Amino acid sequence: MRAILRTPGGHLLTIKRVRPGWAPYWVLPGGGVEPEDRSLEEALLREVREELGGDAVIDSLFHVADGQYYYLGRIHAWDPALRTGPEFADPARGEYLVEEVPVSRLAEIDLKPEVVAELLAVRLIV
């Protein structure tokens, strides 16, 4: 599952992936369900804490594609210094840069997966 998080400024909070040998691309925070997670939403909130160092509010389910659940939510504060997880300590995995992207600029970045990027570009631009 993945979180589509709006910031107080109305931007989308993303993770820019910079990997050796790859062009940069952006993903939404999220991941898998752990045995201790009691629900998809609880798992997603845990993933947001791990990947962004912040607490989010999940508002609603946005889309389901290829078994992946995308939830709309909000985040008011985050601190990448508080992130946890082995991926952040392994330089071979590249960089995980937390980045706010204005919704009006979604078409300018390579947000993965493309199907969700297209839906967001249509449904979130106001």
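Above this note sits the structure.
Model, not experiment: these values are computed from the prediction. All residue numbers refer to positions counted from 1 along the written sequence of the respective chain. Restriction of local features to residues with pLDDT of at least 70 applies here, the model being predicted, together with a cutoff of 80 or more for giving and counting side-chain atom pairs; totals for whole chains, interfaces and linings are based on all residues. Based on all heavy atoms of the structure, the side-chain values leave hydrogens and waters out of the count.

### Structural notes on the overall build of the protein chain
Here is step 1 of the chain: On a plain count of helices and strands, the protein chain comes out with 2 helices and 6 strands.
Here is step 2 of the chain: Its helices and strands taken in sequence order, the protein chain reads β-β-β-α-β-β-β-α from the N to the C terminus.
Here is step 3 of the chain: Atoms counted for the radius of gyration: C-alpha only. Globule rule: 2.2 Å times the number of residues to the power 0.38. Taken over C-alpha atoms, the radius of gyration comes to 14 Å for the protein chain, in line with the 14 Å a tight globule of 126 residues would show.
Here is step 4 of the chain: Its C-alpha atoms put the protein chain at 40 × 35 × 30 Å along the principal axes.
Here is step 5 of the chain: Expressed as a percentage of the 126 residues in the protein chain, the buried residues total 37%.
Here is step 6 of the chain: Of the contacts formed within the protein chain by residues at least 6 apart in sequence, a portion of 61% connects residues at least 24 apart.
Here is step 7 of the chain: Accessible surface is estimated by sampling points in the Shrake-Rupley manner with a 1.4 Å probe; for residues, cover comes only from the protein chains shown. Of the roughly 6,900 Å² that the protein chain leaves accessible, carbon and sulfur atoms contribute 54%.
Here is step 8 of the chain: Positive charges are assigned to Lys and Arg, negative charges to Asp and Glu, while His and the chain termini are left out of the count. Here the site of a charge means atom NZ of a Lys, CZ of an Arg, CG of an Asp or CD of a Glu. If you average the places of the 14 positive and of the 21 negative side-chain charges in the protein chain, the two averages end up 2 Å apart. Here a strand is any run of E in DSSP of at least two residues, a helix any run of H or I of at least four, and the numbering for each starts at the N terminus. Each residue is assigned to one of three classes by its accessible area relative to the maximum for its type, calculated with a 1.4 Å probe on protein chains only: buried under 20%, partly exposed between the two thresholds, exposed over 50%. Two residues form a contact once any of their heavy atoms are found within 4.5 Å.

### With respect to the packing of aromatic side chains
Here is step 1 of the chain: Any Phe, Tyr or Trp ring, taking Trp's six-membered ring, that has another such ring centre within 6.5 Å forms a pair; planes under 30 degrees apart are called stacked, those over 60 apart edge-to-face, and the others tilted. The tally for this structure, following the rule as stated, stands at 2 aromatic pairs.
Here is step 2 of the chain: Taking 6.5 Å as the distance between ring centres and 55° as the angle between the ring planes, the aromatic pair formed by Trp22 and Tyr25 counts as tilted.
Here is step 3 of the chain: Residue class for Tyr25 comes out buried when judged on its relative accessible area of 12%.
Here is step 4 of the chain: Judged by centre distance (5.3 Å) and plane angle (75°), the rings of Phe88 and Tyr96 are edge-to-face.
Here is step 5 of the chain: In this structure Phe88 comes out as partly exposed when scored by relative accessible area, which is 27%.
Here is step 6 of the chain: With a relative accessible area of 13%, Tyr96 lands in the buried category.

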